[in-house]
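# Close look at the chain arrangement
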Amino acid sequence: MISIATPAHRDRIVSSLVAAFPADPVIRHLFPDDETYPVYAAAFFGHLFDKRVHRQSIWMAGDGYSAAIWEPPSVPAATVETPAGIVETPAPAALPPAEFARMRAYDDAIHAALPSYPYWYLGVLGTHPDWTGRRWGHAVMAAGLRRAAEDGLPAILETSTPGNVEMYRRAGWEVIATVEHPLRAWVMQQSAPHVAEVAPPSATR
């Protein structure tokens with residue numbers, strides 16, 4: 001079952017993403033120390049969750065063991081829309097200066113390579129390692145792609161894992177930009193298909 005995350009799912013989703021990304025090039029560039037990784041990664045993923053949960057753009061499977069955090073178009077990255085309106089979202093308070101500086105430098109480099117036209121942005125896609133093999137990641141990504149298709153907009157993501165580039169290409173994405181510093185990353189786009197052309201989600205093989 002694919003559903004939209006609520007604030008009640010925060011702990012499960014954040015802990016699942018922390019468990020999913022210890023070897024990811026970007027996350028380990030940001031938080032290289034093994035001892036502090038769990039705390040700082042949790043602050044980072046919690047920050048992303050808090051920015052997007054009120055826009056109903058976080059899709060999950062397995063009650064939060066797999067999640068895709070999508071960023072809708074038209075809202076500045078430093079804000080979050082709530083029922084009461086748009087309010088400022090502070091940076092992760094738990095990050096010390098060195099980690100925050102690395103996060104800001106990487107974020108600035110990626111944003112400089114992103115297109116100027118509207119799009120849906122797949123910021124995080126991860127599944128707890130104990131729950132892989134169920135194609136939940138495919139399903140939660142497909143849910144966001146369907147939403148982008150309904151809006152008639154392309155989808156954008158970035159990856160710093162070379163093997164992921166070919167995997168995403170097979171799924172219909174194409175490289176539109178490359179970032180070299182502070183580490184190599186590929187910005188990829190999937191153009192908006194007709195809604196009926198987006199494969200329906202499947203929680204199991």
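As shown above, the structure is provided for reference.
Residues numbered from 1 in each chain as written. Predicted model: local features only at pLDDT ≥ 70, side-chain atom pairs only at ≥ 80, totals over all residues. Heavy atoms only, no water.

## What about helix 5 (residues 136-151)?
When the terminal C-alpha atoms of helix 5 are compared, their 23 Å separation across 16 residues agrees well with the 22 Å that a helix rising 1.5 Å per residue should span. When we look at burial in helix 5, the residues that qualify are Trp 136, Gly 137, Ala 139, Val 140, Met 141, Ala 142, Ala 143, Gly 144, Leu 145, Ala 148 and Ala 149. Just downstream of helix 5 lies Gly 152, where phi reads positive at about 70°. (Helix = DSSP H or I, 4+ residues; strand = E, 2+ residues; numbered from the N terminus. Expected span 1.5 Å × (residues − 1). Buried < 20%, exposed > 50% of the residue type's maximum accessible area, 1.4 Å probe, protein only.)

## Points about helix 4 (residues 97-113)
Its 17 residues place the ends of helix 4 25 Å apart at the C-alpha level, agreeing with the 24 Å of an ideal helix rising 1.5 Å per residue. Taken together, the buried residues of helix 4 touch helix 2 (25-30), helix 3 (37-52), strand 6 (120-127), strand 7 (155-159), strand 8 (174-179) and strand 9 (185-190). (Contact = heavy atoms within 4.5 Å.)

## With respect to unusual backbone geometry
Going from His 181 to Pro 182, the amide bond is cis rather than trans, its omega being 10°. By secondary structure assignment, the location of Pro 182 is in the loop between strand 8 and strand 9. Backbone geometry places Asp 63, a non-glycine residue, at a positive phi of 60°. Looking at the secondary structure, you find Asp 63 in the loop between strand 2 (58-61) and strand 3 (66-71). Overall, Asp 63 belongs to the partly exposed group, its relative accessible area being 47%. Phi at Arg 135 is positive, roughly 60°, even though this residue is not glycine.

## Here we look at the sheet that holds strand 9
Across a sheet, strands are paired by hydrogen bonds formed along the backbone, either parallel or antiparallel in direction. Reading across the sheet, the seven strands line up as 1-2-3-6-7-9-8 and stay open at both edges, with mixed pairing between neighbours. Across the chains shown, the open sheet's two edge strands, defined by having one partner strand only, are strand 1 (2-4) and strand 8. Between one strand axis and the next, the sheet turns by 25° as a mean value, whatever way the strands run. Pairing geometry for strand 3 and strand 6, over six bridges, is antiparallel. Within strand 6, the position partnered with Ala 68 by the bridge is Leu 125. Of the strands in this sheet, strand 6, strand 7, strand 8 and strand 9 are in contact with helix 4, which crosses strand 8 at around 135°. Where helix 6 (residues 162-170) meets the sheet, its contacts fall on strand 6, strand 7, strand 8 and strand 9, and the angle it forms with strand 9 comes to roughly 10°. (Pairing = 2+ DSSP bridges. Axes fitted to C-alpha atoms, helices over the stretch in contact; angles between N-to-C directions.)

Remember, this is a structural readout, not a statement about activity or role.
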